[in-house]
Every structure is written in structure tokens, then in C-alpha cells.
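One-letter residues, chain by chain:
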Amino acid sequence: MKTKRTEKHRGLRAAIVFTALGILLIAAFFLNINSGSVKLSLGEVFDIVFLRDESQENYNILWKIRLPRMALSAVLGGALALSGFLLQSFFRNPIAGPFVLGISSGAKMLLAVVTIAAAGIFADEYTSLPAGVTVITAFLGSMLITLVVLMFSGRVRDMSALLVIGIMISYICSSVTDFLINFAEDADIVNLTHWSLGSFSGAKWQDVGISAAIVFPAFVLSCLMAKPISAYALGEGYAKSVGVRTGVFRAILIGLSSVLSAAVTAFAGPISFVGIAVPHIARLSLGTNSPKAMIPAVFIGGAVFCMFCDLIARTVFSPTDLSIGTVTGIIGAPIVIWLMATRRKRNA
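A brief look at the structure comes next.

Parameters at a glance
Residues numbered from 1 in each chain as written. Predicted model: local features only at pLDDT ≥ 70, side-chain atom pairs only at ≥ 80, totals over all residues. Heavy atoms only, no water. Axes fitted to C-alpha atoms, helices over the stretch in contact; angles between N-to-C directions. Helix = DSSP H or I, 4+ residues; strand = E, 2+ residues; numbered from the N terminus. Parallel < 35°, antiparallel > 145°, perpendicular 65-115°, else oblique. Left-handed = near helix turned anticlockwise from the far one by under 90°. Contact = heavy atoms within 4.5 Å. Nonpolar A, V, L, I, M, F, W, Y, C, P; charged D, E, K, R; others polar. Buried < 20%, exposed > 50% of the residue type's maximum accessible area, 1.4 Å probe, protein only. Arc of directions from axis to C-beta. Salt bridge = Lys/Arg side-chain N within 4 Å of Asp/Glu carboxyl O.

### As for the packing of helix 3 (residues 59-91) against helix 8 (residues 205-224)
Two elements in contact, helix 3 and helix 8, have axes separated by 10 Å at closest approach and are oriented at 25 degrees. Taken together, the axes of helix 3 and helix 8 are roughly parallel relative to one another. Classified by chirality, the crossing of helix 8 by helix 3 is left-handed. Contacts between helix 3 and helix 8 pair W63, L67, P68, A71, L72, V75, L76, A79, L82 and L86 from the former with W205, D207, V208, S211, A212, V215, F216, F219 and S222 from the latter. Class assignment for the residues of the contact of helix 3 with helix 8 results in 16 nonpolar, two polar and one charged.

Structure, rendered in C-alpha cells:
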């Protein structure tokens with residue numbers, strides 16, 4: 001009887017959380033499309049979005065600037081939060097995330113190497129890396145650092161020490177990137193510096209389409225892995241006893257988190273703290289760590305979080321855009337500090 005009551009309570013709580021996320025998603029949509037120097041009426045928005053009426057005076061502002069930027073922030077925000085949750089499930093540590101473990105910095109470093117090399121080789125013909133090359137390069141950089149972290153994870157059993165190692169790897173990658181920038185042309189330095197701070201500005205529908213084609217299949221596959229993730233959370237021995245092939249499972253989990261992190265880094269640059277803060281907020285809100293509920297909640301929560309952060313980034317000091325990493329850091333860092341403090345208090 002008590003179990004049924006508990007399940008009913010959890011179901012009601014989950015329904016409230018997902019309803020709240022839906023309301024926040026709609027609010028973020030309307031605030032993003034109508035925040036800026038140009039105000040749009042609901043009629044204009046309807047004509048442009050649904051009728052594709054190019055005769056509307058503000059068609060280019062909404063369709064070519066605001067909507068793709070908002071869509072990209074939603075897709076990549078969900079990807080980054082989900083990547084963080086998968087890494088936390090893998091390491092069984094709520095502080096793990098693509099930025100903290102140096103995975104985003106690895107993607108940034110390799111992208112900087114390839115960008116500067118391409119500019120030097122192709123000279124006048126070079127404009128920017130094709131989207132496919134950017135994503136593959138970011139993925140390889142992510143995987144490289146992931147493999148390094150995994151190598152240390154086999155030798156270091158203390159998760160706190162592993163996180164410190166991840167942070168040090170992140171510093172090394174950032175230092176290498178800064179060193180390489182010294183040998184880049186002025187235009188490349190501007191582009192790399194702007195990109196390395198993280199931003200959704202300049203987003204195009206092509207970027208949205210490519211990132212969605214990468215992120216949504218990864219999201220679906222993550223949902224299909226909810227049961228193995230639940231079993232793995234109870235220990236590797238238990239996972240094996242219920243038929244989970246842990247070697248394959250771990251490879252898929254790391255591959256998914258790297259692909260998601262690479263997509264974010266390729267199209268928006270390295271963005272901090274979303275991968276840690278959002279899963280923790282979702283966990284507290286739902287009152288459970290069940291992947292069945294967490295995966296969709298984390299994805300939608302990441303989308304909402306980044307949409308609001310991007311809104312702040314482009315409106316607070318308008319017409320100057322803040323980097324998205326600055327805003328997510330200001331909001332996300334206190335959450336991470338609080339999480340570490342409460343964990344230490346529980347362990348004391």
C-alpha cells in the first residue's frame with residue numbers, strides 16, 4: 001500500500017515538473033522572439049512563422065536571426081545537459097560533466113589546431129571549416145580527452161581526485177589553445193576568441209538542422225538505454241547479473257556523451273556548468289534519479305536553461321552580446337558549489 005502511494009506521489013510530482021517545464025519552454029519561446037530593439041505583434045509572428053510571409057517588414061529579424069538562434073540554444077542546451085547526465089551516470093558522481101572533466105576543452109583545442117592549420121594551408125581560399133569537418137574534429141577532440149580521463153579512472157578510485165585531474169586536463173587544453181592562438185592571423189584570433197567564450201549568435205537554420213540531426217538520435221538512443229543505466233547505477237556486478245553487457249554499455253554511454261558534447265562545442269563553443277547544474281536541478285525537482293524520468297527532464301530543462309541564459313546574454317547589455325559561457329557560469333557555478341558543499345556535509 002505504501003509502495004503504491006509512493007509511486008502515485010512520484011507520478012504526480014513528475015507530472016507537475018513536466019508541466020512546469022512545458023510552461024517555461026513556451027515562455028522562453030515568446031520572450032526570445034519578442035525581446036530586442038524591434039517588438040513584434042502576435043499577428044506578425046504567426047504570419048512569419050506559419051505562413052512564411054516574406055512581405056512582413058520584420059521577416060528577416062525573426063526568421064533569419066531570432067528563430068534560428070533560439071532553436072540552436074534549445075537543441076544544444078538539451079544536448080549539453082544530457083551529456084552531463086550520461087557522464088554522471090557513468091562515473092556515478094553528480095559533479096561529473098563535459099566541462100569539468102575537460103572534454104569540452106579537448107574539443108576546443110583540436111578545433112583550434114585544425115582551424116589555424118586550414119587557414120595556413122588554404123590561405124586566401126579559406127573562409128571557415130565546413131560544418132561536417134567542425135563536428136568530426138570536435139568529436140575527435142572530445143573522445144581524445146575522454147580516453148585520457150578513462151585511463152586515469154582505472155588507476156584513481158577516488159572520484160574527487162578524478163575530477164581534479166579532469167580540471168587540470170581542461171587547463172592544459174586551454175593553455176595549448178591560447179598558445180596556438182599566438183600564431184594565428186588577426187581574423188582567426190578574433191573568430192577563435194569569440195567562439196571559445198561560447199555564443200549562439202550568428203546561428204543559421206543549417207546549423208540547427210545539422211545539430212538536430214546529431215542530437216535527437218542520441219537523445220532517442222539515451223532513452224532506449226534507460227533500463228541499463230538504472231541497472232548500472234546499482235553497481236557493475238548487478239548490471240551484469242541482469243544481462244547488461246557492461247563493456248558495450250560503457251562504450252555506448254561514453255560515445256553518446258562525447259557526440260553530444262562535440263555538437264555543442266562545434267556550433268556554440270565550450271559552455272560551462274550546464275552539464276552539472278541542470279541534471280542536479282532535475283534530480284531535486286523530480287525527487288528521483290530514475291533515467292526514465294531524468295533523461296527527458298534533463299533534456300527539456302537544458303533547453304529551457306540555455307534559452308533563458310541566451311536571452312539574458314543578448315538583452316542585459318544590448319546591443320552588446322555577453323558570451324553564453326559568462327551567463328551560464330554566473331548561474332551554474334553557485335549550484336555546483338552548493339552541490340559540493342552539501343555532498344561533503346553528507347559524507348562527514
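Let us keep going from here.
### Overview of helix 2 (residues 42-49)
Taken as a whole, helix 2 has its buried residues at E44, V45 and I48. For helix 2, the angular spread of the buried residues around the axis is 100 degrees, confining them to a single face.

### Brief notes about the environment of W338
Along the polypeptide, W338 turns up in helix 14 (residues 324-347). Beyond its immediate chain neighbours, meaning those up to four positions away, W338 contacts H280 and L284.

### Description of the pattern of salt bridges
Here the structure, examined in full by the defined rule, presents three salt bridges. Here D321 makes a salt bridge to R69, at a shortest N to O gap of 2.8 Å. Taken together, the positions of D321 in the loop between helix 13 (291-315) and helix 14 and R69 in helix 3 put the pair 252 residues apart, joining distant regions of the chain. You can call D321 partly exposed: its relative accessible area is 33%. Judged by relative accessible area, which is 9%, R69 ranks as buried. R250 is paired through a salt bridge with E236; the nearest N and O atoms lie 3.5 Å apart. Residue R250 is found in helix 11 (residues 246-268), and its partner E236 is found in helix 10 (residues 236-241); the two are separated by 14 residues along the sequence.

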